[in-house]
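Descriptive analysis of the structure
The lines below spell out each chain.
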Amino acid sequence: MNTFQQKDDSLIAALLVVGFHHAHGPIVELSIPPLPQQEQNDNNNNNNKNTQTTLEKLKVPEEWSFLPFLALPDGAHQKDEDFAYFHLPPVSGWSVAETTLFGISCNRQIAAKDLLTTTPDVTRSIVQKAVVVLARQPIFGPLRQKIAVITSAWFNQKDFTKLDILYDFYHNLQSTYHGPIDDSTLYMGTSLRELIHKFKSKTLILLKLLLLEKRILFYGYPVERLCTFEYSLMSLVPGLLRSLQDSGDPELDTSENFLKLTEAKELSNGKKESLLRFMGLPLRLFEKGSFFQPYLPLQQIDILSSEKTKSYVVGTTNQIFFHHKSDINIDVLVNVETGTLEFHNQPLAAIVGPTMADRRWMEKIVRVVNDTWDETDPSRPVQNTYLGSDDYLRARFEEYILSLLSSMKHAQDANLIPDHHPIEESTTSTMTMEDHPHEDVMRDDDREKNYLSDYGMNWLLAWRETNSFILWNKYTDHEIYEIVEPG
């Protein structure tokens, strides 16, 4: 009998330990439940316990060859404690990893001389290890608090031969996280306030780049802040955090299997989730050909230059990536330390440039964040008001996206979309919508109003060519503008 039989609705897939070995570098030393090769060895030896009692170098599945480098990131030795968020692709034939898994690691270090029990593999003055939890949904916020406590407690034992605390932790997580999860659990750990405070009006440009499915490289240190900014951006798209099952590898392609034409009857229960579904959300931004890796080690850089990878959002702390700009086809470099965007695809800067309406809208958002900013607690507004809170900010961006979707369907029905194409990437033009005031503004009095000019026609025409737009348009009712007003 397998002592690690998982519940069908369990959100926790596995718990691992990764350590730094003097000869091999980062290695996986413990897996609960056992990795596929361990299971095979146990079966061959008629060992049904499936319980690993000592840390040892384990053979990881080929699909996860880069896993140790995700859990112990570059520069991990520079901090007493750091966290990394990352995604792992499915492992063929292993029920534990049938879809993309979402990993969080907590790495710490301890002086070898402080250990009460020293094993033969300890040959360096500092011992580095990371505890890793793999989940089936990106519940990084609640897991972060727990993994920090357990990793600290395990290190405080000063004896890495004692593994009971890790087994107990795994079983506790199994019993705690299962079944459906609410939005507040998913959003825990993201911080829209900090994202907007850092990038200001450029936050909307980041969102528009994301919707265009471009190649976006985030850079900064420490790793946790880098990952948090990326996930905060993702959380601006309603429902997207629940729809990342194909994000772990550009060859994954399962989402369209679950898509169906939205119908008005879905609105009958009056729930917000029904409205978002009817509006065609979430947008399918990470399908076949796209890739999202919050922290990307050098060992995965080849994925970015692969012909199979058409778009990506990845994060790095390593400036070596800058020397491969042409190889990995970066469109935009996002610096989370300076809050700046560096366009390597120059025509794209014009396409995503904000319209006057965009500027006015973002100015209000930024002002609210600045007016309620609290340096002692960046995640909450002064006096803990709703105004300026993450819930407030997420609601504003949700309104923006719903209005955008409604305006697009309205313009399609009224034949208000021009048939010219967006600025070609081969041109050096940097004109924006403001350079063409006659476009979509001069119209006959009896024509329907075209709300799209507020969003930028060049951007909209580029968005119309994306895979996510094509899927949204195919499966979404054309009369959604009767439910959500365009504008």
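Just above, that's the structure.
Residues numbered from 1 in each chain as written. Predicted model: local features only at pLDDT ≥ 70, side-chain atom pairs only at ≥ 80, totals over all residues. Heavy atoms only, no water.

1. Thoughts on the packing of helix α6 (residues 192-199) against helix α7 (residues 202-211)
Running from N to C, α6 and α7 point in directions that differ by 110°, and their axes come no closer than 7 Å. By the angle between their axes, α6 is roughly perpendicular relative to α7. Contact residues: α6 offers Leu195, Ile196 and Phe199, while α7 offers Lys202, Thr203 and Leu206. (Axes fitted to C-alpha atoms, helices over the stretch in contact; angles between N-to-C directions. Helix = DSSP H or I, 4+ residues; strand = E, 2+ residues; numbered from the N terminus. Parallel < 35°, antiparallel > 145°, perpendicular 65-115°, else oblique. Contact = heavy atoms within 4.5 Å.)

2. Remarks on the sheet that holds strand β7 (residues 290-293)
Here five strands make up an open sheet; going across it, the order is β7-β8-β6-β9-β10 and the pairing mixed. The two strands at the open ends of the sheet, each matched to only one other strand, are β7 and β10 (340-343). Adjacent strand axes in the sheet meet at a mean angle of 15°, parallel and antiparallel pairs treated alike. Across four bridges, the pairing between strand β6 (residues 215-219) and strand β9 (residues 332-335) is parallel. Looking at β9, one finds that Tyr219 is bridged to Asn335. In the packing of helix α8 (residues 223-234) onto the sheet, contacts are made with β6, β7 and β8 (311-316), and the angle to β8 comes to roughly 150°. (Pairing = 2+ DSSP bridges.)

3. So, the sheet that holds strand β5 (residues 126-135)
With respect to topology, five strands assemble into an open sheet ordered β2-β1-β5-β4-β3, the strand pairing being antiparallel. This sheet does not close on itself; its edge strands, each paired only once, are β2 (25-32) and β3 (81-88). When the angles between neighbouring strand axes are averaged without regard to direction, this sheet yields 25°. Taken together, the seven bridges between strand β1 (residues 12-21) and β5 define a ladder with antiparallel strand orientation. When the sheet's bridge partners are listed, Leu15 is paired in β5 with Val133. Sheet contacts for helix α4 (residues 164-176): β1, β2 and β5; angle to β1, the most-contacted strand, approximately 150°. Each of β3 and β4 (101-111) is contacted by α8, which is oriented at about 45° to β3, the strand it contacts most.

4. Re the packing of aromatic side chains
How two aromatic rings sit relative to each other is given by the distance of their centres and the angle of their planes. Taken as a whole and judged by the stated rule, the model has 18 aromatic pairs. Pairing Trp154 with Phe160 gives two aromatic rings, centres 4.8 Å apart and planes at 65°, and the pair type is edge-to-face. When its relative accessible area of 8% is taken as the criterion, Phe160 is described as buried. Of the aromatic side chains, those joined through ring pairs into one cluster are Tyr85, Phe140, Tyr231, Phe286 and Phe292. Taking the ring centre of Trp472 as reference, the NZ or CZ of Lys409 above it sits at 4.8 Å. (Phe/Tyr/Trp six-rings, centres within 6.5 Å; stacked < 30°, edge-to-face > 60°. Buried < 20%, exposed > 50% of the residue type's maximum accessible area, 1.4 Å probe, protein only. Lys NZ or Arg CZ within 6 Å of the ring centre and 35° of its normal.)

5. Concerning the pairing of β10
The alternating pattern of β10 places Leu341 and Phe343 on a buried face and Thr340 and Glu342 on a face that is not buried. Two strands pair when backbone bridges link them, and β9 and β10 are joined in this way by four bridges, in the antiparallel orientation. Directly across from Leu333, in β10, lies its bridge partner Glu342. Where β9 folds back on β10, the antiparallel hairpin that results is connected by four residues, among which Gly339 adopts a positive phi of roughly 70°.

6. Brief notes about the packing of α6 against α8
The interhelical angle for the contact between α6 and α8, taken along N-to-C directions, is 100°, at an axis separation of 9 Å. Our classification of the angle between α6 and α8 gives roughly perpendicular. Between α6, through Leu192, Glu194, Leu195, Lys198 and Phe199, and α8, the contact on the second element is made entirely by Phe229, Ser232 and Leu233. Classifying every residue of the contact of α6 with α8 by side-chain character gives five nonpolar, one polar and two charged. (Nonpolar A, V, L, I, M, F, W, Y, C, P; charged D, E, K, R; others polar.)

7. What to know about the nonpolar core
By size, the foremost hydrophobic cluster in this structure holds 137 residues, and its most contacted members are Trp64, Leu134, Leu166 and Trp463. The element that contributes the greatest number of residues to this core is helix α13 (residues 390-413), accounting for ten residues. In this structure Trp463 touches Leu211, Leu212, Leu404, Leu405, Met408, Ser468 and Phe469, once residues within four positions along its chain are discounted. If you look at the next biggest cluster of nonpolar residues, it comprises 14 residues, including Tyr219, Phe291, Ile301 and Tyr312. (Core = buried A, V, L, I, M, F, W, Y, C linked by side-chain atoms within 4.5 Å.)

8. Describing α6
Given 3.6 residues per turn, any residue in an α-helix points the same way as the ones three and four places further on. For α6, every residue scored as buried is listed here: Leu192, Arg193, Leu195, Ile196 and Phe199. One side of α6 holds all its buried residues, which, seen down the axis, span an arc of 165°. In this structure, the buried residues of α6 make contact with α7, α8, β9, β10, α12 (356-371) and α13. Immediately downstream of α6, the backbone of Lys200 shows phi near 50°, a positive value. (Arc of directions from axis to C-beta.)

9. Digging into unusual backbone geometry
Backbone phi values are negative for most residues with the exception of glycine, while trans is the configuration of most peptide bonds. With an omega of -5°, the peptide bond running from Ile32 to Pro33 counts as cis. A cis amide bond links Tyr221 with the next residue in sequence, Pro222, at an omega value of 5°. Along the chain, Pro222 turns up in the loop between β6 and α8. Positive phi is not limited to glycine here, since Lys158 has a value of about 55°. Tracing the backbone shows Lys158 in the loop between α3 (140-156) and α4.

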